[in-house]
Amino acid sequence: MTLRNLVLPPRGWRIDEETRAFTAFAVLGFTTTTVAPIVYAAAYLIIPFPRAVVVLIETLPALAVKLLLPHVLFVVPLWTRPLAIAAGWLVASVVIDYVAPNVHPPVRVLLTLLVAAAKSASEVSFLVLARNYGTVGLSGWGAGMGAGGAAIAVMPYMLTHRWGLFLRSAVGYNYYLIPLMLLAYYVLLPQPGNLAAPPNADKDDLEEHIGGSALLLMQDPVSQPMPLHQRIRQNLRLASSLISPYMTPLFSAMAIQAVIFPGITRSLGVSSLFKAYAGYYAGYGLFFHLGNLIGCISILGVRFQKPKPLLVRLGLVGGFVLLSAVFLFLSIPVVMFLVVLTAGLLCGAVYSNVFLSVMTDAGSGAATDREFSLGIVGAGVTAGLLFGGVLGALLESGLCGLGLGSGQRWCHLVK
């Protein structure tokens, strides 16, 4: 890996258009990350179901959408996609807001399935769109996801402990977040054609500009029409070639992420610096997602061609957190928060570098193939969150059964 590949020079930097693109994708990422968890929290599924079952309810429909939607996304006009996503979010938000909190669980489960599917559709649609904006779009999307994750991490503490409200109260914010998403897409986001490639660029400069500089500026080539059954067969062949280099690293990183946070958080050692677990959880999650944000935007300056070094470091950090939960040898919040900040940074770096590699490597293919590649690779993210979420819930349950009555773990205390 040369220094030129690691540090990407700002070629043809255009503040106005690129800032608009970054901000628009940040808003899209933020709303995608916040709207669905707000509905999840308002559904109170954690009361009638074990946490592992809640993870399955929230993640299985998202995984199904990630696996199926890329096959048919090319027939859905770009301008209609945000409207469909907003409709799903709005219906779920309105219904969960107006039904009683003790309504029968099947109703709450159906609303959770709807908002999870809409969230997954938004991830596929907006990541596919990001191929036209390259590094700026992808880093903006990651920044929005990191900021949204941080907001969701501190939301329970702020609502219940600081403001004296119920978690259901947060649903009202969705009525602002959903229009904000539509404004970012239809008003703020510049047209890709407004972002021209560097003048007099040779082949090498153009390749660098597309793969590692600011933007993917080339318009999609027109794909040859193909019968649906042939398209699906071609997609399946293409998907099989994407599993090892892209989906597997994403699966591994997201599985470790889900174990670290929220996974085993309740089984960590108690600290006298926090009066309640909600405060500790908020700080823990805030640092993790701030690291995630930093890792996602790091591609603006540094790019890793191979995810393996990042995954090795992430595995070591994840192992350290797990060991600290088992043996309770580290209960100093500042140190633990710095550890999870590092974990979040590595997760974000893996996420952004893998998707940037997909953009670069699929850049010479047909438009439909590029769209499918970016859409289907995201299934590795959701599969990893599903596996890690269930594993984290089981590990936490087992760890919380150790030393009952000692009060050494947060799950031993009712606060």
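Residue numbering note: each chain is counted from 1, following its sequence as written. Note on the predicted model: pLDDT of at least 70 is required for a residue's local features to be given, and 80 or more for side-chain atom pairs to be given and counted; whole-chain, interface and lining totals, by contrast, use all residues. The basis for the side-chain values is all heavy atoms of the structure; hydrogens and waters are excluded.

With an unreviewed UniProt entry as reference, the chain is termed Protein BTN, source organism Stachybotrys elegans. UniProt positions are given in the numbering used here, feature names are shortened, and annotations may be inferred rather than shown by experiment. According to the UniProt record, the Sequence similarities (unreviewed entry) comment for the chain is "Belongs to the battenin family."

The subject of this paragraph is the packing of aromatic side chains. The criterion for an aromatic pair is that two Phe, Tyr or Trp rings (for Trp, the six-membered ring) have centres within 6.5 Å, with stacked assigned to planes under 30 degrees apart, edge-to-face to planes over 60 apart and tilted to the rest. Applying the stated criterion across every chain, the model contains 19 aromatic pairs. Within the aromatic cluster, the residues linked to one another by ring pairs are Phe261, Phe274, Tyr277, Tyr280, Tyr281, Tyr284, Phe287, Phe288, Phe337 and Trp410.

This next bit is on the pattern of salt bridges. Salt bridges are counted wherever a side-chain nitrogen of Lys or Arg sits within 4 Å of a carboxyl oxygen of Asp or Glu. Considering all chains together, one arrives at six salt bridges under this definition. Lys66 serves as the salt-bridge partner of Glu123, at 2.8 Å between the closest nitrogen and oxygen. In this pair, Glu123 is assigned in helix H5 (residues 105–129) and Lys66 in helix H3 (residues 51–72), connecting sequence segments 57 residues apart. Note on accessibility: Glu123 and Lys66 belong to one class, buried. Taking the shortest distance from any N to any O, the salt bridge between Glu123 and Lys119 comes out at 2.6 Å. A run of H or I in DSSP counts as a helix once it spans at least four residues, and a run of E counts as a strand once it spans at least two, with each numbered from the N terminus. Throughout this description, buried means an accessible area under 20% of the type-specific maximum (1.4 Å probe, protein chains only), exposed means over 50%, and partly exposed covers the range between.

With that settled, consider the packing of H3 against H5. As a rule, the C-alpha atoms of each element are fitted with a line to give its axis, helices using only the stretch in contact, and angles between N-to-C directions run from 0 to 180 degrees. H5 packs onto H3 with a crossing angle of 40° between their chain directions and a minimal axis gap of 8 Å. The angle between H3 and H5 falls in the class oblique. The two elements H3 and H5 meet at a crossing, and its hand is right-handed. Residues Ile57, Glu58, Pro61, Ala62, Val65, Lys66, Leu69 and Pro70 of H3 touch H5, and the partners they reach there are Val109, Thr112, Leu113, Ala116, Ala117, Ser120, Ala121, Glu123 and Val124. Looking at the contact of H3 with H5 residue by residue, the classes come out as twelve nonpolar, two polar and three charged. Roughly parallel covers angles under 35 degrees, roughly antiparallel covers those over 145, roughly perpendicular covers 65 to 115, and oblique covers all other angles. Crossing handedness is defined as follows: a turn of the near helix away from the far one that is anticlockwise and smaller than a right angle gives a left-handed crossing, while the clockwise case is right-handed. The criterion used for residue contact is that any of the two residues' heavy atoms lie within 4.5 Å. Residues are sorted three ways: Asp, Glu, Lys and Arg are charged, Ala, Val, Leu, Ile, Met, Phe, Trp, Tyr, Cys and Pro are nonpolar, and all the rest, Gly among them, are polar.

So, on to the environment of Gly88. Inspection of the secondary structure assignment puts Gly88 in helix H4 (residues 81–98). For Gly88, a relative accessible area of 10% translates into the label buried. Leaving out residues up to four positions away in the same chain, Gly88 has contacts with Leu114 and Ala118.

For the rest of this paragraph, the subject is the confidence of the model for the chain. Every residue gets a pLDDT, meaning the predictor's confidence in that residue, from 0 to 100. Looking at the chain as a whole, the pLDDT averages 85, with 85% of positions reaching at least 70. Every residue in residues 1–13 is under pLDDT 50, and counting partners more than four places away or in other chains gives 28 contacts. Low confidence marks residues 196–222, where pLDDT is under 50. Its contacts with residues over four positions away, or in another chain, come to 62 contacts.

Quick look at a nonpolar patch on the surface now. Exposure above 30% relative accessible area and no salt bridge define the residues that can form patches, which grow by joining like charges within 9 Å and nonpolar side chains of Val, Leu, Ile, Met, Phe, Trp and Tyr within 5 Å. Accessibility throughout is a Shrake-Rupley quantity obtained with a 1.4 Å probe, and a residue counts as covered only by protein chains that appear here. A cluster of nonpolar side chains, namely Leu90, Val91, Val94, Val95, Tyr98, Leu114, Tyr175 and Tyr176, defines an oily patch on the protein surface of about 760 Å² accessible area. Broken down by secondary-structure element, the contributors of at least two residues to the nonpolar patch are H4 and helix H7 (171–188). Tracing the chain through its elements places Val94 in helix H4.

Here helix H6 (residues 134–162) contains 29 residues, and its C-alpha end-to-end distance of 40 Å stays within 8% of the 42 Å for a straight helix at 1.5 Å per residue. Here the bend at a residue is taken as the angle between two axes, fitted respectively to the seven residues that end there and the seven that start there. Considering bend angle alone, the principal kink of H6 is centred on Val154 and spans about 40°; proline Pro156 follows within four residues of it. Count one or two residues on from H6 and you reach Gly164, which has phi positive near 65°. To estimate the expected span of a helix, subtract one from its residue number and multiply by 1.5 Å.

Counting residues in hydrophobic clusters, the biggest one holds 103 residues, and the most contacted among them are Phe25, Leu28, Trp89, Tyr284, Tyr351, Phe355 and Val377. Sort the elements by how many residues they give to this core and helix H12 (residues 333–361) lands first, with 15 residues. In this structure Phe355 touches Leu127, Leu138, Leu250, Leu374, Val377, Gly378 and Val381, once residues within four positions along its chain are discounted. What we call a nonpolar core is a set of buried Ala, Val, Leu, Ile, Met, Phe, Trp, Tyr and Cys residues that are connected through their side-chain atoms within 4.5 Å.

Disulfides are defined as pairs of cysteine sulfur atoms found within 2.5 Å of each other. Across all of its chains, the model carries one disulfide by this definition. Left without a disulfide partner, Cys296 is nearest to the cysteine sulfur of Cys347, which lies 9.4 Å away. Look at Cys296 and you get buried, because its relative accessible area is 2%. Look at Cys347 and you get buried, because its relative accessible area is 0%.

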